[in-house]
Amino acid sequence: MFESLSNNLQAVFQRLRGRGRLTEADVDEAMREIRRALLAADVNVKVVRDFVDRVRARAVGQDVLKSLTPGQQVVKIVYEELTELMGGSQARIRMAPKPPTVVMLVGLQGAGKTTTAAKLALAFRQQNHRPLLVAADVYRPAAVDQLKVLGAQIDVPVFSLDGAGAVEIAEAGLGDAARRGADIVIVDTAGRLHIDDALMAELESMKKVLQPQEILLVVDAMTGQDAVHVAEAFHARLEVTGVILTKLDGDARGGAALTVRAVTGCPIKFVGVGEKIEPLEPFHPERMASRILGMGDVLSLIERAQERIDLEKAKEMEARMRSANFTLDDFQEMFRQVRNLGPLDQILKMLPGMNRVKGLENLDLNDRRFRRLEAIISSMTPEERRDPGILNASRRRRIANGSGTTVRDVNQLINQFEQVREMMKRLTGGGKRVGRRQAMNALRAMGGVPGLTGPGLPSFGGADAGPPRERVHRKKKKK
Amino acid sequence: MGLFDRFRKGLEKSRAAMADRLLSVFRGRKLDDSVFDEMEETLILSDVGVDTAAELVEAIRREARRRRIERAEDLPDVMVDVMVELLGPPAPMVENPDGPTVVLVVGVNGAGKTTTIGKLAHAYKSQGKRVILAAADTFRAAAIEQLMVWGERVGVDVVRQAQGSDPAAVVYDAIQAAKARRCDLVICDTAGRLQNKAHLMNELAKIRKVAERELPGAPHEVLLVIDGTTGQNGLVQARVFKEVVRVTGIVVTKLDGTAKGGIVFPIVREEGIPVKWIGLGEGMDDLQPFDPRMFAEAICRPETRV
């Protein structure tokens, strides 16, 4: 179902190409595709209508239809408009001229306010602020306990007051912040329906008492069409200053981001990724645009790689590769680095086009295969790891037994290792250029993901298959 | 307050919003394409999704022609019938005649699992059933405490272990306890998880396996809780959870707001999972068995009483 917009548009224009000049009706069809894509991503119907009008105006004005690749031109316009609409955001909290700065988190039930409060507090603590969390969710059972537990985890104090009302807690929380010398006060409020008049009035009273610099609306990235009502209602009563989009580590396209932005005009300040308490991440409009259009999120992938791959080790390994002293230990280190990027299935989803591969959602590319490879290498003696050449049948049997695998698995691993080493030699030898096939085989060996680098991304079913035999033979013949 | 009144009351706001639009679509107009286009848009606004909305409208158009309907005012009847047909007959909960019935409750984070379990426990306890809860959300901070508060409120026991322990072990304990205490129903809470996290989904499969092993036929029901405000991702949730733990029914929560819960239409259409319950608030009584006709009536025909 998640076919990307660019493909659909390309198809529309391709169909029309043969007919010579494009007409108004043809543009209409392209606009229908855009509308469909945005609706499938849960952008609100009304927001979509305005948006499509803007795109149409620009498309007509720029004579894209005369271009050789009108489909891509239109996608570019859509992408730019989306980015612009969601952009201008600053991932910053407005600070009070005189501390403490007060931040109020509001939203529907289950949007992720409590988790977000802790993440925000952690971000501030890491910037050497002294945050205080105020537990003002007095309705949901154990919500206060939840915030206390999270506060303890990240070493941020949590203020709570048993038996008190939310407004009272807010007031007392400010007093507590002054006593402790906290410079940031983050107030977690109870989730509530935007049409619950009494509870919305309670938020207004809290706002009066707290005089917050920021009122952040916490919105679940999976929200559908109703996001428009929620954002409107909260904004009308509280004058929201910003938005935090949560659960972005899921696979929702997140069209609600565009809806909320269009309705409130407030910047999306942060995004929440993952349930572990890690600092909130800044919002990137251009990435969100790609995501809504189903075009993958390469930038996030690159960033993650930069963050998680140990540069020192990578350099060291590179040096060793160049010296052709590439051992099984290095091979293992390579796996570890790739694994550090996160679960493989998530990484794959960030690649453009991958969201179109059927069955990927449930494919268990996770650590199992990696773990098996690690187990095999760990079952070798240091000597064997340095020089796999000494691995005779009896050693291989021992390794298979030791790692709970079969001799076939061990052989496969050795083959893969040999291929990678072969490629390293060629790369560093400065001699022949590495052929596409060798590079592909080596990549396969590294990730153990067959078909990933192959043309047309075939056969995702057999994640356990090794490199195809036939290709290994052919390579040998060449030698 | 009768069951239907409660349902009406809960859906009043959603109804009002949708009804206003539908009324303006239908009132005093001839049946032409623009009526159907607007109907389609209204359905999309309820999170029915582009494809399912198109299919529903097509079916409504066919049926209207068959019944020789000429005025737009008569369309709601047709809409209700077509929606009811799509949603299928009411699907009652499966019960285990010889021993405890095991119900596994799953879903993404913040869908309303724990609240739903509290309400389910209350509903069954009111029927005189002996209910036991399993606090198998051992991941989220204070999730166990939250379920215990519900246990106290409703007056049922909660089987638990420390936070961070193996959720499958909690389910195991709860089933053993249910057998020993001759309980009628074991309801297992699980940690919220996004369906694209393979390792968490594997954990869920394991929980299911443990239940299967401890009691033949268990879990008798696997309920997927879906937030009524969820958009098209709800369909992906249904698909993946169904594959991993064989979901037997959907619970749609938070329908007391302005959200319409239209995502149930594509879920029923494409995944064939029946909707079993709807949640209409945070009170103990705010969970009702799903009645397809009532649901469709409430959406399409706001003014007439059934």
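Residues numbered from 1 in each chain as written. Chains lettered and ligands numbered in written order. Predicted model: local features only at pLDDT ≥ 70, side-chain atom pairs only at ≥ 80, totals over all residues. Heavy atoms only, no water.

Caption draft 1: Structural context of the overall build of chain A. The helix and strand inventory of chain A stands at 21 helices and eight strands. Counting over 479 residues, chain A shows a buried share of 53%. In chain A, of all internal contacts separated by at least 6 residues, the share reaching a separation of at least 24 is 73%. (Helix = DSSP H or I, 4+ residues; strand = E, 2+ residues; numbered from the N terminus. Buried < 20%, exposed > 50% of the residue type's maximum accessible area, 1.4 Å probe, protein only. Contact = heavy atoms within 4.5 Å.)

Caption draft 2: Expanded view of the overall build of chain B. The helix and strand tally for chain B stands at 11 helices and eight strands. Counting over 306 residues, chain B shows a buried share of 62%. Of all intrachain contacts in chain B linking residues separated by at least 6 positions in sequence, the fraction that spans at least 24 positions is 76%. Roughly 11,600 Å² of accessible area belongs to chain B as shown, and the carbon and sulfur atoms make up 48% of that amount. (Areas by Shrake-Rupley, 256 points an atom, 1.4 Å probe, with all protein chains shown as cover.)

Caption draft 3: Fine view of the interface of chain B and chain A. Contacts between the two partners involve 47 residues from chain B and, on the opposite side, 43 residues from chain A. At the boundary of chain B with chain A, total buried surface from both sides reaches about 4,000 Å², with 55% on carbon and sulfur atoms. Inspection of the chain B/chain A interface yields four salt bridges. Notably, a salt bridge pairs A:Arg49 with B:Glu41, separated by 2.2 Å at the nearest N-O pair. If you look at where chain B meets chain A, you find 18 residue pairs in polar contact (both at pLDDT 80 or more). For the side of chain B that touches chain A, the elements supplying multiple residues, two or more each, are helix H2 (33-45), helix H3 (50-66), helix H6 (143-154), helix H8 (198-214) and helix H9 (233-245) of chain B. Sorting elements by how many residues they give to the side of chain B that touches chain A places H9(B) first, with seven residues. (Buried area = accessible area lost by both parts, 1.4 Å probe. Salt bridge = Lys/Arg side-chain N within 4 Å of Asp/Glu carboxyl O. Polar contact = N/O pair within 3.5 Å; in protein donor to acceptor, adjacent residues only side chain to side chain.)

Caption draft 4: Up close: the packing of aromatic side chains. Residues and elements named next belong to chain B. The full count for this structure, using the stated rule, is three aromatic pairs over all chains. Here the aromatic rings of Tyr124 and Trp277 are separated by 6.3 Å at their centres, their planes lie at 65 degrees, and the arrangement is edge-to-face. A residue pair is termed long-range when its members are at least 10 positions apart, and Tyr124 in helix H5 (residues 113-126) and Trp277 in strand E7 (residues 275-279) qualify at 153 residues. For Tyr124, a relative accessible area of 6% gives the class buried. Aromatic pair Phe265 and Phe295: ring centres 6.2 Å apart, planes at 40 degrees, arrangement tilted. With a gap of 30 residues between them, Phe265 in helix H10 (residues 264-271) and Phe295 in helix H11 (residues 292-300) connect regions that are remote in the sequence. For the pair Phe265 and Phe295, a shared accessibility class is recorded, and that class is buried. (Phe/Tyr/Trp six-rings, centres within 6.5 Å; stacked < 30°, edge-to-face > 60°.)

Caption draft 5: Main features of the sheet that holds strand E1 (residues 101-107) of chain B. All names here are of chain B. Read from one edge of the open sheet, eight strands run E3-E2-E4-E1-E5-E6-E7-E8, paired in mixed fashion. Two strands close off the open sheet at either side, each with one partner strand: strand E3 (157-159) and strand E8 (287-289). Sheet twist, expressed as the mean angle between neighbouring strand axes with direction ignored, is 25 degrees. Relative to E7, strand E6 (residues 249-253) runs parallel, the two sharing three bridges. (Pairing = 2+ DSSP bridges. Axes fitted to C-alpha atoms, helices over the stretch in contact; angles between N-to-C directions.)

Caption draft 6: Spotlight on the confidence of the model for chain B. Residues and elements named next belong to chain B. For chain B, per-residue confidence averages 89 on the pLDDT scale, and 89% of positions sit at 70 or higher. Taken element by element, chain B is modelled with least confidence in helix H1 (residues 3-26), mean pLDDT 56, and with most confidence in strand E5 (residues 221-227), mean pLDDT 98. Scored below 50 in pLDDT, residues 302-306 shows 11 contacts in the model against residues more than four places distant or in partner chains. (pLDDT = per-residue confidence, 0-100.)

Caption draft 7: Fine view of the environment of A:Val74. Residue and element names in this part refer to chain A. Topologically, Val74 is positioned in helix H4 (residues 70-86). Residue Val74 is classed as buried on the basis of its relative accessible area of 2%. For the pair Val74 and Ala30, spaced 44 residues apart in the sequence, the C-alpha separation amounts to 8.4 Å.

Caption draft 8: Here's a closer look at the nonpolar core. In terms of nonpolar packing, the biggest core is built from 174 residues, with A:Phe234 and B:Ile187 touching the most fellow members. The element that contributes the greatest number of residues to this core is helix H4 (residues 75-87) of chain B, accounting for nine residues. Those residues within four positions of A:Phe234 in sequence are excluded, and the remaining contacts are A:Val106, A:Gly107, A:Leu108, A:Arg192, A:His194, A:Met200, A:Leu203, A:Leu217, A:Glu239 and A:Val240. Of all hydrophobic cores here, the second largest spans 27 residues; its members include A:Leu120, A:Val156, A:Ile186 and A:Phe270. (Core = buried A, V, L, I, M, F, W, Y, C linked by side-chain atoms within 4.5 Å.)

Caption draft 9: Structural context of the pattern of salt bridges. As enumerated under the stated definition, the model contains 42 salt bridges over all chains in all. We note a salt bridge from A:Glu81 to A:Arg58, for which the minimum N-O separation is 3.1 Å. On the criterion of sequence distance, the pair formed by A:Glu81 in helix H4 and A:Arg58 in helix H3 (residues 45-61) is long-range, its members being 23 residues apart. By relative accessible area, which is 5% here, A:Glu81 ends up buried. Classification of A:Arg58 by relative accessible area gives partly exposed; the value is 24%. Between B:Arg269 and B:Glu55 there is a salt bridge, with its nearest N and O atoms 2.4 Å apart.

Caption draft 10: Structural detail: the confidence of the model for chain A. Residues and elements named next belong to chain A. Taken residue by residue, chain A gives an average pLDDT of 78. The fraction at 70 or more is 69%. This stretch, residues 430-436, has a pLDDT under 50; its non-local contacts, to residues over four places away or in other chains, come to seven contacts. Overall, residues 442-479 carries pLDDT values under 50, and its contacts beyond four positions in sequence, including any with other chains, amount to 68 contacts.

Caption draft 11: Just H2(B), in detail. Residue and element names in this part refer to chain B. With 13 residues, H2 should reach 18 Å at 1.5 Å per residue; the first-to-last C-alpha distance of 18 Å fits that figure. Inspection of H2 places Val35, Phe36, Met39, Thr42, Leu43, Ile44 and Leu45 among the buried residues, and these make up the whole buried set. Note on H2: the residue one or two positions beyond its end, Asp47, has a positive phi of about 70 degrees. (Expected span 1.5 Å × (residues − 1).)

Caption draft 12: Spotlight on the sheet that holds strand E5 (residues 214-220) of chain A. Residues and elements named next belong to chain A. Strand order across the open sheet formed by eight strands is E3-E2-E4-E1-E5-E6-E7-E8, with mixed pairing between neighbours. Looking at which strands have only one partner, the edges of the open sheet turn out to be strand E3 (158-159) and strand E8 (281-282). Judged from the four bridges that link them, strand E1 (residues 101-106) and E5 form a sheet pairing that is parallel. Across the sheet, residue Leu105 finds its bridge partner in E5, namely Leu216.

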